[in-house]
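A structural walkthrough
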Amino acid sequence: MDWQELTTLTQGRSITVERVRLADTGVAVEGSFELPQLAKLNAEDQVFVIAFVRSHGSIKEMERTFGISYPTVKSRLNRIAQSLEFVETDPAPSRVEIMARLDRGEISAQDAIRELEAKG
């Protein structure tokens, strides 16, 4: 079964993957795995996002590829974006990172305490 069949089968409903097998090694991992956000999009939106990335974000190229207008491309991208959660690209430092920065003299003891307390 390919990803398009799976997307059609699930019809946008939430799914959990419980077993993953690495095809080249045969190693299987069992547990509860949530699909990444992009995999949760319907097949048509996944194709649209792939085309957008392959066109290096060129809306003009998207207009040509799909035969649609600039406002239609923008509207569709906005709709897709609204269905995706923001992904933090600058996560808070770990306790180990905070202590390493303190050790290197990059932050004061007070700053380290404040950051550690903020982590909870």
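Figured I'd write up the structure that's included with this text. (Residues numbered from 1 in each chain as written. Predicted model: local features only at pLDDT ≥ 70, side-chain atom pairs only at ≥ 80, totals over all residues. Heavy atoms only, no water.)

Digging into the nonpolar core
The biggest cluster of nonpolar side chains holds nine residues, and these are Leu41, Phe48, Val49, Ala51, Ile59, Met62, Val73, Leu77 and Ile80. Those elements that provide at least two residues to this core are α3 (43-54), α4 (59-66) and α5 (70-83). (Core = buried A, V, L, I, M, F, W, Y, C linked by side-chain atoms within 4.5 Å. Buried < 20%, exposed > 50% of the residue type's maximum accessible area, 1.4 Å probe, protein only. Helix = DSSP H or I, 4+ residues; strand = E, 2+ residues; numbered from the N terminus.)

Focus on the pattern of salt bridges
Close approach of charged atoms allows side chains of opposite charge to pair. Enumeration over the complete set of coordinates arrives at nine salt bridges. The partner of Glu61 in a salt bridge is Arg64, and the shortest N-O contact between them spans 3.0 Å. Residue Glu61 and its partner Arg64 are located together in helix α4, separated by three residues, close to a single helical turn. Judged by its relative accessible area of 31%, Glu61 is partly exposed. With relative accessibility at 59%, the residue Arg64 sits in the exposed group. The partner of Glu106 in a salt bridge is Arg104, and the shortest N-O contact between them spans 2.7 Å. Glu106 gets classed as partly exposed once you look at its relative accessible area, which sits at 49%. A relative accessible area of 53% places Arg104 in the exposed class. (Salt bridge = Lys/Arg side-chain N within 4 Å of Asp/Glu carboxyl O.)

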